[in-house]
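Residue-level structure breakdown
What follows is each chain in one-letter form.
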Amino acid sequence: MPGLTAPSDYSQEPLRHPSLIINAKEPFNAEPPRSALISSYITPVHFFYKRNHGPIPLVDDIERYCVSINGLTENPKELFMNDIRMLPKYNVTATLQCAGNRRTAMSKVRKVKGVGWDISTLGNAVWGGAKLADVLELVGVSKFSYCTQKGGKHVEFVSVDKCEEEKGGPYKASIPLIQASNPEADVLLAYEMNGEPLNRDHGYPLRVIVPGVIGARSVKWLDSISINAEECQGFFMQKDYKMFPPSVDWSNIDWSARRPQMDFPIQCAICSLEDVDHIKPGKVTVSGYAVAGGGRGIERVDISVDGGKNWIEATRYQKIGVPYVADSLSSYKWAWVFFEITVDILRNTEIVAKAVDSAANVQPEKVEEIWNVRGILNNSWHRVQVGVGRSSI
Ligand SMILES: Nc1nc2c(c(=O)[nH]1)N[C@H]1C(S)=C(S)[C@@H](COP(=O)(O)O)O[C@H]1N2
Ligand SMILES: [Mo]
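Just so it is clear, the model here is predicted, and its values are computed rather than measured.

So, how was this worked out
- Residues numbered from 1 in each chain as written.
- Chains lettered and ligands numbered in written order.
- Predicted model: local features only at pLDDT ≥ 70, side-chain atom pairs only at ≥ 80, totals over all residues.
- Heavy atoms only, no water.
- Salt bridge = Lys/Arg side-chain N within 4 Å of Asp/Glu carboxyl O.
- Helix = DSSP H or I, 4+ residues; strand = E, 2+ residues; numbered from the N terminus.
- Buried < 20%, exposed > 50% of the residue type's maximum accessible area, 1.4 Å probe, protein only.
- UniProt positions renumbered as here; feature names shortened; annotations may be inferred.
- Domains from an automatic or database assignment.
- Contact = heavy atoms within 4.5 Å.
- Buried area = accessible area lost by both parts, 1.4 Å probe.

Structural notes on the pattern of salt bridges
A complete count under the given rule lists 19 salt bridges for this structure. A salt bridge links Asp344 to Lys283; the shortest N-O distance between them is 3.3 Å. Pair noted here: Asp344 is in strand β22 (residues 337-345) and Lys283 is in strand β18 (residues 282-291), with a separation of 61 residues, a long-range link. The salt bridge partner of Glu350 is Arg383, with a shortest N-O separation of 3.0 Å. Of the two residues, Glu350 sits in strand β23 (residues 349-357) while Arg383 sits in strand β24 (residues 382-388), which places them 33 residues apart along the sequence. Look at Arg383 and you get partly exposed, because its relative accessible area is 25%. Look at the salt bridges and you will find they share partners, linking Arg34, Asp118, Glu274 and Asp275 into a network.

A short note on unusual backbone geometry
Cis geometry marks the peptide bond from Glu26 to Pro27, where omega comes out at -5°. In this structure, Pro205 follows Tyr204 across a cis peptide bond, with omega equal to 10°. Relative to the helices and strands, Pro205 is located in the loop between β13 (196-197) and β14 (207-209). Backbone geometry places Asn194, a non-glycine residue, at a positive phi of 55°.

Some thoughts on the UniProt feature "domain: Moybdenum cofactor oxidoreductase dimerisation" (unreviewed entry) in the chain
UniProt's feature table lists "domain: Moybdenum cofactor oxidoreductase dimerisation" (unreviewed entry) at residues 260-387, given in the numbering used throughout. For residues 260-387, helix accounts for 0% and strand for 42%, while the C-alpha atoms at its two ends are 41 Å apart.

Quick notes on the domain arrangement of the chain
Each domain of the chain was delimited in the assignment, giving domain 1 (4-257) and domain 2 (267-388). Centre-to-centre separation of domain 1 and domain 2, based on C-alpha positions: 26 Å. Each side of the interface is counted separately: domain 1 has 48 residues, and domain 2 has 42 residues. Both faces considered, domain 1 and domain 2 share a buried interface measuring about 3700 Å² in area, 61% of it formed by carbon and sulfur atoms.

Written out as structure tokens, the structure reads:
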């Protein structure tokens, strides 16, 4: 691994913002407070959630750092940072969301396995880098390829971090070649986040960004790319981020029965209130984020102030002063939409939010219906309890 090494302990971790809520210390897993998450449309790097499976790698010599691209291609290569920087640079505004976002709420119904997360395991950044489709062209893979001449159908990304789940081996994941070689899918080898070089927590010097797909496929600290006939056989593809029905538990799980999760489902959450909040009677601003997987737009965000009996539509926006229109060219396709509405709250109640995407997918009402043993993809209606005045709830 020229230039990039992975410590085997946690003595060389980077500094992090003190207001992050730490869900696990080693590996470091943290998310911002709800109010911080929606304080700006582009999430500042220091508030961006951090999701790790091992100690953070270190670059000892950026000049020597290169990514090897090999496997079922005509023209394998080693690319240095300068080679990647020579390709056209794209800035893609995209929301990265962990499949485990909102897991804590799912585990309250029935215990699940995994790090607990509130509703802030996502963030929206401007990712700067080369398109993977352009990089693949350098090694002889044409745009929009389903299969290389040598039979490659999947593009595997391999890191250097030492993950317990991989028995000390590196984190890895793959995506289909057709997505990797499609310039419209905007898959990036990113070296910048919000206009600055990536920091160590987020994958310095180079990471993959797969927009619209669960964060687990956006491999950080990229070491090599391999074009393979089969999808990646690593732990995080085959034995982790898969969605099972509620009837499956650890006694009857068959990992081979399900596909690795790719797109994330329609999601929204209220960030201006805590799970249980006390307010003064009168006007209350209900605001938060909505995000759809696969590049779909947000068609609607519905808010209820009576526990889900009646609904009113919230205002949606991405850019201040520009009306948001789902799937229009003026919208950020891969990025979240903020919503806001002011409501009158005079007595104790439950405020609920649900979003609808441009394919008319809507969030499920109850977390029980989507409960799964790994606690992923909790996108049930988001509810907060509000108590008014001095009464208790
Ligand atoms: N090398 C490596 N890449 C990784 C991970 C990891 O542990 N190691 N975690 C993945 C998961 S599960 C998520 S959700 C995102 C989190 O990215 P972030 O920490 O930049 O927010 O990175 C993904 N890429
Ligand atoms: Mo994740």
